[in-house]
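Chain by chain, the residues run as shown.
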Amino acid sequence: GLSLWRGEYVFPSAHPASSGWYVFRRYIVPRLIKMNMNELPPVGDLRENHRANFEASVAELSKASGSRRPGLIFIYPTRKELLASRRGEWLPERDTLNEICRKYGLVMVDIAKSPEWNASLYRDGVHPTVEGNIVLAKIISSSIADTFVPSYRKPDN
């Protein structure tokens, strides 16, 4: 399903007037009263209407950019998914994404398959460390260069 905005204390839209009150409300109150403060998107089976909406968005972007330009889709695993990828498939929707990529001439880049990416690059289960951001930026920029300007890439010395 779609991820819902859970309010100012989960995803603030501006700096809070009082940082003390924000910290109390964001981190202490949920320990006293059951509140859903989860920042991650929902998980579960792929719903056909969401697949159709995603494909419609890709089709619209593809039409706007023209068929002569390839596109990229990056898939980024959580730490748990990365560790699962070492044992097999971590993304149940991969076949659906592959189908959409083939149909619209997109290149799918799986961060989990990059030899540079590893579990030590997460600061929590989702977000990269400073070093992780550097590695992630290199993976993304290399993928873009390889896809859009392969002649620009220089051989390693």
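Rules used in this analysis
Residues numbered from 1 in each chain as written. Predicted model: local features only at pLDDT ≥ 70, side-chain atom pairs only at ≥ 80, totals over all residues. Heavy atoms only, no water. Phe/Tyr/Trp six-rings, centres within 6.5 Å; stacked < 30°, edge-to-face > 60°. Helix = DSSP H or I, 4+ residues; strand = E, 2+ residues; numbered from the N terminus. Buried < 20%, exposed > 50% of the residue type's maximum accessible area, 1.4 Å probe, protein only. Pairing = 2+ DSSP bridges. Contact = heavy atoms within 4.5 Å. Salt bridge = Lys/Arg side-chain N within 4 Å of Asp/Glu carboxyl O.

Just to check I follow, could you spell out the packing of aromatic side chains for this structure?
One pair of aromatic rings is described through two measures. These are the centre distance and the angle between the planes. Applying the stated criterion across every chain, the model contains 4 aromatic pairs. Measuring from centroid to centroid gives 5.6 Å for Trp21 and Phe24, while their planes differ by 35°, and the two rings are tilted. Of this pair, Trp21 and Phe24 both sit in helix H1 (residues 19-32), 3 residues apart, which is roughly one turn of the helix. The class for Trp21 is partly exposed, based on a relative accessible area of 47%. Pairwise contacts between aromatic rings join Tyr76, Trp117 and Tyr122 into one cluster.

Mind showing me how you'd approach the pairing of strand E1 (residues 71-75) here?
Remember that side chains alternate between the two faces of the sheet whenever the strand is regular. Of the two faces of E1, only one is covered, namely that formed by Gly71, Ile73 and Ile75; the face formed by Leu72 and Phe74 stays uncovered. Bridge analysis of E1 against strand E2 (residues 106-110) gives 5 bridges, and the strand direction is parallel. By the bridge assignment for E2, Ile75 is matched with Asp110.

Looking at this model, I keep getting lost on the environment of Ala112. Mind explaining?
Tracing the sequence through the fold places Ala112 in the loop between E2 and helix H5 (130-148). Along the backbone, Ala112 and Ala84 are 28 residues apart, and their C-alpha atoms lie at a distance of 9.7 Å. If we ignore the near neighbours within four places in the chain, the residues touching Ala112 are Pro77, Leu82, Ser85, Arg86 and Trp90.

Teacher, can you tell me more about the pattern of salt bridges here?
Pairs may arise between side chains of opposite charge once their charged atoms sit close together. Counted according to the given criterion, the structure contains 5 salt bridges. Residue Glu55 is joined to Lys103 by a salt bridge in which the shortest nitrogen-to-oxygen separation is 2.8 Å. Taken together, the positions of Glu55 in helix H2 (residues 48-65) and Lys103 in helix H4 (residues 94-104) put the pair 48 residues apart, joining distant regions of the chain. Taking the relative accessible area as the measure of exposure, Lys103 reaches 57% and is therefore exposed. Close ionic contact of Arg94 with Glu89 constitutes a salt bridge, the shortest N to O distance being 2.7 Å. Residues joined in a network through salt bridges with shared partners are Arg51, Glu55 and Lys103.

Function cannot be read off these values alone, since they describe shape.
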